[in-house]
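Structure at a glance
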Amino acid sequence: MLFIHLGEDVVVQSRDVVGIFDWQVMEEAEITSEFLHRHQKDRLVEDIGGDLTKSIVITTDMVYLSPLSSLTLKRRAYTISDSVEVTSNGESS
């Protein structure tokens, strides 16, 4: 299993990440507010960024507000995926 550190003590499995979005771009969109409000009502938002939120990370079961930039998180995700070598039969090694 491969993991991505989102900030503070929060780590998620890379295969569970659905999307990573820049907070500054997303926070002004009305649909983002609706999305976050709906998920907060269901207690599915974890704010690990506080006033320092720089990105939104959506996983298969949670939404995280991260203090790390979306660029940093995307680099970590790509670094992880690049480090997995696939053999000729399609298995990861």
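Our structure's up above, just so we're on the same page.
Everything in this summary refers to the structure shown in the same document. Just so we're clear, the structure is a prediction, and the values are computed from it rather than from any experiment.

1. Digging into the sheet that holds strand β3 (residues 17–22)
Strand order in the open sheet formed by four strands is β3-β5-β6-β4, with mixed pairing between adjacent strands. Both edges of this open sheet fall to β3 and β4 (45–47), since each of them pairs with a single strand only. Mean inter-strand twist for the sheet, computed between neighbouring axes without regard to direction, equals 15°. As paired strands, β3 and strand β5 (residues 55–59) are joined by five bridges and run antiparallel to one another. Its bridge partner being in β5, I20 is matched across the sheet by V57. Where helix α2 (residues 30–41) meets the sheet, its contacts fall on β4, β5 and β6 (63–66), and the angle it forms with β6 comes to roughly 115°.

2. Regarding the environment of D9
Counting through the fold element by element, D9 comes out in the loop between β1 (3–7) and β2 (10–13). Of the residues examined, D9 reaches a relative accessible area of 78% and is grouped as exposed. Between the alpha carbons of D9 and I48 there is a distance of 8.7 Å; along the sequence they are 39 residues apart.

3. Some words on unusual backbone geometry
The phi dihedral of E8 falls on the positive side, at around 50°, and the residue is not glycine. With a phi angle near 60°, R43 is a residue other than glycine that sits in the positive phi range. Its location among the elements puts R43 in the loop between α2 and β4.

Conventions we followed
- The written sequence of each chain sets the order in which its residues are numbered from 1.
- Under the rules for a predicted model, residues below a pLDDT of 70 receive no local features and side-chain atom pairs below 80 are neither given nor counted, while totals for whole chains, interfaces and linings still include all residues.
- Hydrogens and water are ignored here; the side-chain numbers use all heavy atoms of the structure.
- Strand pairing follows a simple DSSP-based rule, namely that at least 2 bridges must link the two strands.
- Each helix corresponds to a stretch of at least 4 residues labelled H or I by DSSP, and each strand to a stretch of at least 2 residues labelled E; elements are numbered beginning at the N terminus.
- Structural elements are reduced to axes, namely lines fitted to C-alpha atoms, with helices fitted over the stretch in contact, and the angle between N-to-C directions of any two is expressed from 0 to 180 degrees.
- Here a residue-residue contact requires only that any non-hydrogen atoms of the pair lie within 4.5 Å.
- The classification of residues rests on relative accessible area computed with a 1.4 Å probe and restricted to protein chains. Under 20% of the type maximum is buried, over 50% is exposed, and intermediate values are partly exposed.

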